[in-house]
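Tertiary structure, described
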Amino acid sequence: MMRPPLPPLPPNRPSTMPKVTFFEFNGTRHDVDANNGVSLMRAAVDHNVPGIDADCGGACACATCHVYVDPDWLARTGARTEMEESMLSFAAATQENSRLSCQIEMSDALDGIVLRLPEGQH
Amino acid sequence: MSNAELQQLARDEAFSMPIDEIDVSKPRLFQEDTIGHYFARLRRDDPVHFFENDFYGRFWSVTKYKDIMAVDTNHGVYSSDWTHGGIVLYNAPTLEQRLQMFIAMDPPKHDEQRKAVSPIVAPQNLASMESTIRSRTAKVLDELPRNEEFNWVQRVSIELTTQMLATLFDFPFEDRKLLTWWSDVATSVPEVDHLVESQEARLAELGKMLAYFTKLWNQRVNAEPRNDLISMLAHNPATRNMGPMEYMGNLALLIVGGNDTTRNSMTGGLLAMSRYPDEWAKLRANPALVDSLVPEIIRWQTPLPMMRRTALRDAELGGKKILEGDKVVMWYLSGNRDEEAIDNPEAFIIDRARPRQHLSFGFGIHRCVGNRLAELQLKILWEEILKRFPVVEVTSEPKRLLSNFVRGITDMRVRIPG
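Report follows, based on the coordinates.

The rules behind the values
Residues numbered from 1 in each chain as written. Chains lettered and ligands numbered in written order. Predicted model: local features only at pLDDT ≥ 70, side-chain atom pairs only at ≥ 80, totals over all residues. Helix = DSSP H or I, 4+ residues; strand = E, 2+ residues; numbered from the N terminus. Contact = placed C-beta atoms within 7 Å. Pairing = 2+ DSSP bridges. Axes fitted to C-alpha atoms, helices over the stretch in contact; angles between N-to-C directions. Nonpolar A, V, L, I, M, F, W, Y, C, P; charged D, E, K, R; others polar. Buried ≥ 20, exposed ≤ 12 C-beta atoms within 10 Å, placed from the backbone. Core = buried A, V, L, I, M, F, W, Y, C linked by C-beta atoms within 7 Å.

On a plain count of helices and strands, chain A comes out with 3 helices and 5 strands. In sequence order, the secondary structure elements of chain A are arranged as β-β-α-β-α-α-β-β. Excluding contacts between residues fewer than 6 apart, the proportion of contacts in chain A whose partners are at least 24 apart in sequence is 63%.

What follows is the structure, given as structure tokens:
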């Protein structure tokens, strides 16, 4: 049996765009919207989150969009590529949950993901 | 001939000569600062360009931002290893004459040695260096003469970078001028610049550097590990058993890396600001723009205009077939003027939207280790200039280095109205 059509959305329904939460090194919190398919680096840069330098613009060719992925979310972000591994190995203060945020693409599965920023990008 | 006339002549030549004859390795073009016109022609008509030079041999010139990025991030195909010739155009004829430094090595050795020294510029260390850099910068600026011409390169750029380097090495401060000399020797091609008589003489000078630093090594290796480059090299498992030629090579790398580069950004930055007084006015009106001024200076100057690689196997690049063994030169200076990657790239604009996206530090595994320290030094220099001088006048055309590897300014006369 066919379902009846869904009622129209209420006019001021909050955005359903997936959300990313960044914590700066000093603890300042930024909740930003990110379209599916954009990188988490791009989401940070587009919303002027301080502490993501993104010198190479997303080519996985530096390590200046380094983030720590909240452990609850880490598995869902996938694995580092060989190049990402290599670039991260030259970054400062890396941890097991270190990733380059240009290499993580936003998706429904990552809605609400929490990322913490290192003391500096280098 | 005025500089404007010289530039016009070069532009006419660059855009009228047969493309096959364009040779962007000529050091004279860098000394005259006319090289940009030839790069502009290549970007337009032959972005991956082959040439055979009598002295440097056969080489490819890569001139577009995206092609440079493709080479720089593909270290599996494009090798930096000194055994193939390393990172400069000139293949020193004997292996002994080539610098055995980690920038001229491939993984895994490159990675291990680089990691031995990179903690020196980790964020926490930079924070602890900031007050020293600021007080030294303030002192150097406070001692500058007023209403009188002087050479900014000597009084400011060389002084500040050499002091910094002495600190990083914990090098005897009173002997620090030696570091400047060894830096110049390390990047010298004697057949071109005649800084020293010959390759042998160059090697002999670097031997003196090695002897001096071997004394420092011997002191540090027997002491507790400390936070200076020599102690780090002497205690790290990846570097503590280096032979003398590798120690010498890495010293040359660290000295040049901390010296020639920032020195010329300190000079080039002032040159840029004096040529674009509206930009200086913008900075005075909004000092927070120093954060985007600094990367713009580094882009505009591009203190190291190139890095060379050697193809380990046949490859395709920008539609050209690169053969195994070919020399491939990434011209960062050209990529930093590529209109497809950077808006209005010839102009110096201190509030660009994406100022950090430039090639001056390179990309990939060989990206500049000291990039954030360099930026910190420049940031402090400009903050301290802003506190003191509304203007510094550049009173004549600067004199430039005869080199295709260092985009150097050797003499720049300035005057501070008092």
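From this point, things continue past the structure.
What follows concerns the sheet that holds strand β9 (residues 393-394) of chain B. Residues and elements named next belong to chain B. On the basis of which strands lie adjacent, the open sheet formed by 3 strands has the order β4-β12-β9 and antiparallel pairing. At either end of the open sheet lies a strand with only one pairing partner, and these are β4 (149-151) and β9. Summarising the sheet, β4 and strand β12 (residues 413-415) pair through 3 bridges and their orientation is antiparallel. If you follow Glu 149 over to β12, its bridge partner there is Arg 415. Against the sheet, helix α7 (residues 152-169) touches β4 and β12, its axis set at about 45 degrees to β4.

Moving on, we get to the interface of chain B and chain A. Listed as interface residues are 18 residues of chain B and, on the opposing side, 14 residues of chain A. For the side of chain B that touches chain A, the secondary-structure elements that each account for two or more residues are α4 (65-72), α5 (109-117) and α6 (123-142) of chain B. If one sorts the elements of the side of chain B that touches chain A by residue count, α6(B) sits on top with 3 residues. By residue class, the composition of the side of chain B that touches chain A is 7 nonpolar, 5 polar and 6 charged.

Side-chain direction in a regular strand flips from residue to residue, so the side chains alternate between the two faces of the sheet. All names here are of chain B. Burial runs high along strand β5 (residues 306-311): 6 of the 6 residues are buried. Of the two faces of β5, both are covered, the one formed by Met 306, Arg 308 and Thr 310 as well as the one formed by Met 307, Arg 309 and Ala 311. With 2 bridges connecting them, strand β3 (residues 78-79) and β5 associate as antiparallel partners. In the strand pairing of β5, Tyr 78 is matched with Ala 311. Here β5 pairs with strand β8 (residues 327-331) via 5 bridges, running antiparallel. When the sheet's bridge partners are listed, Thr 310 is paired in β8 with Lys 327.

Another aspect to go through is the pairing of strand β2 (residues 57-62) of chain B. Residues and elements named next belong to chain B. Inspection of the sheet shows strand β1 (residues 48-53) paired to β2 by 6 bridges, in the antiparallel sense. When the bridges of β2 are listed, Phe 51 appears paired with Phe 59. Here 3 bridges tie β2 to β8, and the two strands are oriented parallel to one another. Residue Ser 61 lies in a different strand from β8, and its bridge partner there is Val 329.

In globular proteins that are soluble, nonpolar side chains generally tend to be buried together. Residue and element names in this part refer to chain B. One finds Val 62 and Ala 252 to be the most contacted residues of the largest nonpolar core, which totals 146 residues. In terms of residue count, the dominant contributor to this core is α7 (10 residues). Once residues lying within four places of it in the same chain are set aside, the contact partners of Val 62 are Val 48, Asp 67, Ile 68, Val 71, Leu 317, Val 328, Val 329, Met 330 and Trp 331.

Our next topic: the sheet that holds β5(B). Residue and element names in this part refer to chain B. Across the sheet, 5 strands lie side by side as β1-β2-β8-β5-β3; this open sheet has mixed pairing. Each edge of the sheet is formed by a strand with only one pairing partner; in this case those strands are β1 and β3. Lying over the sheet, α4 contacts β1, β2, β3, β5 and β8, oriented at roughly 125 degrees with respect to β8.

A few words on unusual backbone geometry. Note that the residue after B:Pro107, namely B:Pro108, is joined by a cis bond; omega there is 5 degrees. Inspection of the secondary structure puts B:Pro108 in the loop between β3 and α5. One non-glycine residue, A:Asn48, lies in positive phi territory at about 55 degrees. Looking at the element boundaries, A:Asn48 is found in the loop between α1 (40-46) and β3 (66-69). Judged by the 9 C-beta atoms lying within 10 Å of it, A:Asn48 falls in the exposed class. For B:Asp170, which is not glycine, the phi torsion reads 50 degrees and is therefore positive.

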